[in-house]
Amino acid sequence: GTITAASASFLTDGASAALVMAEDKAKARGFTPRSVIVDTVLCARDPKEELLLGPAFAVNKLLTKHGLTIKDIGVFEMHEAFAGQVLANFAAMESDRFCQASMGRTGKVGAPDIETVNT
């Protein structure tokens, strides 16, 4: 096979599914919830200057909104086509300079421990 941006994810090597519903509906149908979606966010960025860094901005926005830090999150799920993009987002989140200049923070967001990342 050929590996492309569309087929690079490990999920394309097998089958997967996610069933998303209200907790009360899941329990009424005999399902045991395994995770909770607390919030979502959309972060449009300048495609010339900040191409592919949307996840770094989204993580910052959600952590700030909920008064959390990177250490408060148990698992990070980043679905990007290439590992390099995930690493670039982590580097941006670890950079005091980037976070101050581009996100208006006083310091870095910080990158998650690699053990908590499911890519």
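Since we're looking at a predicted model, the values are computed, not measured.

How each quantity is defined
Residues numbered from 1 in each chain as written. Predicted model: local features only at pLDDT ≥ 70, side-chain atom pairs only at ≥ 80, totals over all residues. Heavy atoms only, no water. Helix = DSSP H or I, 4+ residues; strand = E, 2+ residues; numbered from the N terminus. Buried < 20%, exposed > 50% of the residue type's maximum accessible area, 1.4 Å probe, protein only. Contact = heavy atoms within 4.5 Å. Areas by Shrake-Rupley, 256 points an atom, 1.4 Å probe, with all protein chains shown as cover. Axes fitted to C-alpha atoms, helices over the stretch in contact; angles between N-to-C directions. Parallel < 35°, antiparallel > 145°, perpendicular 65-115°, else oblique. Nonpolar A, V, L, I, M, F, W, Y, C, P; charged D, E, K, R; others polar. Phe/Tyr/Trp six-rings, centres within 6.5 Å; stacked < 30°, edge-to-face > 60°. 1 Å grid on protein atoms, 1.4 Å probe; cavity = no way out; pocket = protein on both sides within 12 Å on 5 of 7 lines; lining within 4 Å. Points joined across faces, edges and corners; volume = space filled by probe spheres on them. Expected span 1.5 Å × (residues − 1). Arc of directions from axis to C-beta. pLDDT = per-residue confidence, 0-100.

> Can you tell me about the overall build of the protein, naming the residues and giving the values?
Across its full length, the protein holds four helices and two strands. Reading the helices (α) and strands (β) of the protein from amino to carboxyl end gives α-α-β-α-α-β. Across the 119 residues of the protein, 26% fall into the buried class. Excluding contacts between residues fewer than 6 apart, the proportion of contacts in the protein whose partners are at least 24 apart in sequence is 48%. Accessible surface for the protein amounts to roughly 8,600 Å². Of this, 56% is attributable to carbon and sulfur atoms.

> How would you summarise the packing of helix α2 (residues 54-66) against helix α4 (residues 96-103) if you had to cite specific residues and measurements?
The interhelical angle for the contact between α2 and α4, taken along N-to-C directions, is 75°, at an axis separation of 12 Å. When the axis of α2 is compared with that of α4, the two are roughly perpendicular. Along its contact with α2, which presents A56, F57 and N60, the element α4 presents F98, S102 and M103. Broken down by class, the residue content of the contact of α2 with α4 amounts to four nonpolar, two polar and no charged.

> Which residues make up the packing of aromatic side chains, and what values go with them?
Under the defined criterion, the tally for this structure stands at one aromatic pair. Both rings, one in F57 and one in F98, keep their centres 5.7 Å apart while their planes meet at 65°; by these two values the pair is edge-to-face. One end of the pair, F57, is in helix α2; the other, F98, is in helix α4, with 41 residues separating them in the sequence. An identical accessibility class is assigned to F57 and F98; each is buried.

> Summarise the layout of surface pockets; cite the residues concerned and give the values.
Counted as a void, the largest pocket has a volume near 1,600 Å³. Along the wall of the largest pocket there are 38 residues; nearest its centre are S35, V36, I37, V38 and E77. Broken down by secondary-structure element, the contributors of at least two residues to the lining of the largest pocket are α1 (23-28), α2 and β1 (76-77). A total of seven residues in the lining of the largest pocket trace back to one element, the largest contributor, which is α2. Its residues assigned to classes, the lining of the largest pocket shows 26 nonpolar, seven polar and five charged.

> Could you give an account of unusual backbone geometry, with specific residues and numbers?
Of note, L52 is a non-glycine position whose phi angle comes to about 75°, a positive value. Position of L52 relative to the elements: it lies in the loop between α1 and α2. A relative accessible area of 46% places L52 in the partly exposed class.

> Requested: an account of helix α3 (residues 83-94), with residues and values cited.
Spanning 12 residues, α3 covers 17 Å between terminal C-alpha atoms, matching the ideal 16 Å at 1.5 Å per step. Within the sequence span of α3, burial applies to Q85, V86, N89, F90, A92 and M93. Projection of α3 onto a plane perpendicular to its axis shows the buried side chains occupying an angular sector of 160°, all on one side. Structural note: α3 exposes A83 and L87 on the side pointing more than 90 degrees away from its buried face.

> Break down the confidence of the model for the protein for me, citing the residues and quoting the values.
With 85% of its residues at a pLDDT of 70 or more, the protein shows a mean pLDDT of 84. Confidence scores differ between elements of the protein, with strand β2 (residues 117-118) showing the lowest mean pLDDT of 76 and α4 the highest of 95.

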